[in-house]
Amino acid sequence: MSTDEWSDYAPATRAVRAGHIRTHEAEHSEPIFATSSFCFGSAREAAESFAGNRRRNVYSRFTNPTVRIFQERLAALEGGETCVATASGMAAILSTCLALLQSGDHIVSSTGVFGSTTSLFNTYLARLGIPTTWVSPHDPNDWREAIRPGTKLFYLETPTNPLTEIADIAAIAEVAHAHDAILVVDNCFCTPALQRPFDLGADVVVHSATKYLDGQGRCVGGAVVGDAERVGEQVFGFLRTAGPSMSPFNAWVFLKGLETLDLRMHAHSRGAMELARWLQAHPRVTRVHYPGLETHPQHELAMRQQSGYGGIVAFELEGGQGAAWHVIDQTRLLSITGNLGDAKTTITHPASTTHGRLSPEQRAAAGIGDGLIRVGVGLEEIGDIRNDLARGLDSL
Ligand SMILES: *Cc1c(COP(=O)(O)O)cnc(C)c1O
């Protein structure tokens with residue numbers, strides 16, 4: 001079935017079934033094609049295949065049947081025409097930029113993006129003559145004012161990490177399109193189970209599959225979703241030449257992850273909502289960042305744009321790093337790690353880890369205080385997560 005035909009089915013059904021065409025072995029679960037290359041029936045067939053028919057497998061840097069199932073399933077979930085899987089989320093972002101931009105082009109990006117994305121744009125793309133102007137995720141006017149003659153690409157993540165700020169995808173897409181730029185959205189935090197950027201006007205969606213698409217913290221991978229020309233030809237063309245492709249084993253792990261994506265994302269959201277409300281009522285907590293709370297500055301927008309609020313909750317304590325480290329060190333159950341999007345709840349002190357390389361001024365400008373803690377709410381019983389945090393909070 002094509003992506004179009006899958007649109008007749010509900011997201012939960014697509015997540016379980018899309019993309020799998022059984023081989024002659026009639027396997028029920030998706031097979032892993034652990035092979036680097038594929039054989040031809042004749043010299044002529046080999047010659048014709050090398051000439052570039054994408055449907056015929058030649059070499060697993062280009063295409064692989066297990067990877068293709070993952071690509072088709074994610075395209076069906078996002079409602080995009082096609083998908084290209086990559087070795088990591090960063091490889092997806094790099095491939096998108098190098099395939100679609102050239103020296104002299106200009107990016108406008110939200111400041112609230114993943115740390116390595118900031119470094120990629122500021123250090124490596126800038127070196128190639130592709131500068132970036134940084135704007136706040138909130139105000140579409142800031143995006144309009146940042147446009148210059150060479151502006152080709154708008155880039156954002158929503159909700160942002162770790163403060164869960166919400167960017168208005170539809171409004172920013174409109175600004176981009178009025179100036180013939182494209183909008184690329186990193187949909188890692190919500191996944192298509194909670195947010196569908198294409199329905200709001202995005203042109204390309206990128207993913208770190210490492211997070212919720214896997215959902216159990218096993219593999220590193222990524223994906224680019226979009227139309228047949230930009231993604232199917234240009235990004236795929238870059239990938240098959242440059243080689244940051246996804247391994248078939250990782251694709252298989254992500255496929256198994258996708259089967260439970262819908263269930264998991266709604267469970268993460270339920271748990272995070274409950275934890276956010278509890279934190280909000282705790283006397284030691286000065287502020288809670290969660291889009292599901294009525295007090296969140298973009299709560300209305302999140303309600304419109306998302307079908308769930310996601311699993312990331314951040315909260316602030318008086319007492320700076322000392323207080324934050326105390327709460328983190330008092331946990332016994334939660335994993336102290338920079339990762340998120342896992343069945344296991346994770347806890348992070350952004351100022352000294354994920355955002356530790358920023359200067360204190362840059363951190364202050366980004367709103368990352370020393371007393372800020374980020375929790376990636378997993379799938380454990382929420383009462384146990386609460387108790388684990390209460391130990392530190394109650395002894396501050
Ligand atoms: C982790 C992450 C990335 C990078 O993905 P990797 O798989 O680690 O390369 C990009 N964007 C967001 C929002 C992320 O959380």
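Residues numbered from 1 in each chain as written. Predicted model: local features only at pLDDT ≥ 70, side-chain atom pairs only at ≥ 80, totals over all residues. Heavy atoms only, no water.

1. Description of the domain arrangement of the chain
Put simply, the rule is: An automatic or database domain assignment supplies the start and end points of every domain. Contacts between residues were defined by any pair of non-hydrogen atoms, one from each residue, lying within 4.5 Å. Buried area: the accessible area, evaluated with a 1.4 Å probe, that two parts lose upon being put together, summed over both parts.
Domain annotation of the chain identifies domain 1 (3-259) and domain 2 (263-393). One C-alpha centre belongs to domain 1, the other to domain 2, and the line joining them spans 27 Å. Contacts between domain 1 and domain 2 engage 29 residues on the former and 34 residues on the latter. Of the roughly 2,500 Å² buried at the junction of domain 1 and domain 2 (both faces included), carbon and sulfur atoms supply 57%.

2. Observations regarding the packing of helix α4 (residues 65-78) against helix α11 (residues 248-259)
Rules: Axis lines are fitted through C-alpha atoms, for helices just across the contact stretch, and the angle between N-to-C directions can take any value from 0 to 180 degrees. A run of DSSP states H or I qualifies as a helix once it reaches four residues; a run of E qualifies as a strand once it reaches two. Both are numbered from the N-terminal end. If you view the pair so one helix is near and one far, a crossing is left-handed when the near helix is turned anticlockwise from the far one by less than a right angle, and right-handed when it is turned clockwise. Throughout, the ten residues Ala, Val, Leu, Ile, Met, Phe, Trp, Tyr, Cys and Pro are labelled nonpolar, Asp, Glu, Lys and Arg are labelled charged, and all others, Gly among them, are labelled polar.
Relative orientation of the contacting elements α4 and α11 amounts to 35°, with a least axis distance of 8 Å. Where α4 crosses over α11, the handedness of that crossing is left-handed. Side by side, α4 and α11 meet where Thr66, Val67, Ile69, Phe70, Arg73, Leu74 and Leu77 of the first sit next to Pro248, Ala251, Trp252, Phe254, Leu255, Leu258 and Glu259 of the second. Its residues placed into classes, the contact of α4 with α11 shows 11 nonpolar, 1 polar and 2 charged.

3. Quick word on the site of the ligand
Going by this rule: Working definition: residue near molecule or strand if any one of its non-hydrogen atoms lies within 4 Å of it. Under the rule applied, a polar contact is a pair of N or O atoms within 3.5 Å (in protein, one hydrogen donor and one hydrogen acceptor; residues adjacent in sequence only if both atoms are side-chain atoms). Accessibility throughout is a Shrake-Rupley quantity obtained with a 1.4 Å probe, and a residue counts as covered only by protein chains that appear here.
Lining the immediate surroundings of the ligand are 13 residues, of which Gly89, Met90, Asp186, Thr210 and Lys211 lie closest. Contact distances for the ligand include 2.6 Å between a nitrogen atom and a side-chain N or O atom of Asp186. Interatomic distance of 2.6 Å between a side-chain N/O atom of Lys211 and an oxygen atom of the ligand. Across the complex, the protein chains shield 91% of the 380 Å² of accessible surface that the ligand would expose by itself.

4. Brief notes about the environment of Thr348
Along the chain, the position of Thr348 falls in strand β11 (residues 346-348). Here the alpha-carbon distance between Thr348 and Gly371, two residues 23 residues apart in the chain, equals 11 Å. Setting aside anything within four residues of it in sequence, one finds Thr348 in contact with Ile328, Thr337, Gly338, Thr353, Thr354, Leu372, Ile373 and Arg374. Within the structure, the side chain of Thr348 is placed 2.8 Å from the backbone oxygen of Thr337, a separation counted as a polar contact.

5. Here's the deal with helix α14 (residues 320-329)
The following threshold applies: Residue burial is assigned from relative accessible area. The probe radius is 1.4 Å, only protein chains are included, and a residue is buried under 20% of its type maximum, exposed over 50%, and partly exposed in between. Note that the arc is defined by the directions from the helix axis to the C-beta atoms.
The set of residues buried in α14 consists of Ala323, Ala324, Val327 and Ile328. Taken down its axis, α14 places every buried residue within 135° of arc, on the same side. Turned more than 90 degrees from where α14 packs its buried face, Gly322 and Asp329 sit exposed. Where α14 is buried, its residues contact β9 (312-317), β10 (335-336), β11, β12 (372-376) and α16 (382-394).

6. With respect to the packing of aromatic side chains
Defined as follows: Aromatic contacts are taken between Phe, Tyr and Trp rings whose centres are within 6.5 Å, Trp giving its six-membered ring; a plane angle under 30 degrees counts as stacked, one over 60 as edge-to-face, and the others as tilted. In this analysis the charged atom, NZ for Lys or CZ for Arg, is taken to sit over a ring once it is within 6 Å of the ring centre and within 35 degrees of the ring normal.
By the definition in use, this model includes 9 aromatic pairs. Seen in terms of ring centroids, Trp143 and Phe154 are 5.3 Å apart; in terms of plane orientation they differ by 40°. Their pairing is tilted. On the criterion of sequence distance, the pair formed by Trp143 in helix α7 (residues 140-146) and Phe154 in strand β4 (residues 151-157) is long-range, its members being 11 residues apart. Summarising the burial analysis for this pair, Trp143 and Phe154 share the class buried. Through a chain of ring-to-ring contacts, the aromatic side chains of Phe121, Trp134 and Tyr155 assemble into a single cluster. If you follow Arg240 out to its NZ or CZ, it ends over the ring of Phe62, 4.0 Å from the centre.

7. What about the nonpolar core?
Put simply, the rule reads: To define a nonpolar core, start from buried Ala, Val, Leu, Ile, Met, Phe, Trp, Tyr and Cys residues and group those joined through side-chain atoms within 4.5 Å.
Grouped together as the largest cluster of nonpolar side chains are 32 residues, with contacts concentrated most on Phe70, Leu74, Leu213, Val225, Met246 and Leu261. Among the secondary structure elements, those contributing two or more residues to this core are α4, β1 (82-86), α9 (191-194), β7 (222-226), α11 and α12 (261-281). Counting residues per element, this core draws most heavily on α4, at 6 residues. Counting contributing residues per domain, this core is built from domain 1 (3-259) and domain 2 (263-393), each supplying no fewer than three. Ignoring any residue separated from it by four or fewer positions in sequence, one finds Leu74 in contact with Cys83, Pro192, His207, Leu213, Ala223, Val225 and Leu258.

8. Some thoughts on the pairing of strand β3 (residues 132-135)
To be explicit about the condition: Strands qualify as paired when DSSP identifies two bridges or more between them. Assignment of crossover handedness uses the view with strands pointing away from the viewer, where a clockwise path from the first strand over the helix to the second indicates a right-handed crossover.
Summarising the sheet, strand β2 (residues 106-110) and β3 pair through 4 bridges and their orientation is parallel. Its bridge partner being in β3, Ser109 is matched across the sheet by Trp134. For the crossover from β2 across helix α6 (residues 115-127) to β3, the handedness is right-handed.

9. What about unusual backbone geometry?
Residue Pro159 follows Thr158 across a cis peptide bond; omega there is -5°. Here Pro159 is to be found in the loop between β4 and α8 (169-178). The phi dihedral of Thr164 is positive, around 55°, even though this residue is not glycine. Relative to the helices and strands, Thr164 resides in the loop between β4 and α8. We classify Thr164 as buried; its relative accessible area is 1%. For Thr191, which is not glycine, the phi dihedral falls at a positive 65°. With respect to the helices, strands and loops of the structure, Thr191 is situated in helix α9. In this structure Thr191 comes out as buried when scored by relative accessible area, which is 1%.

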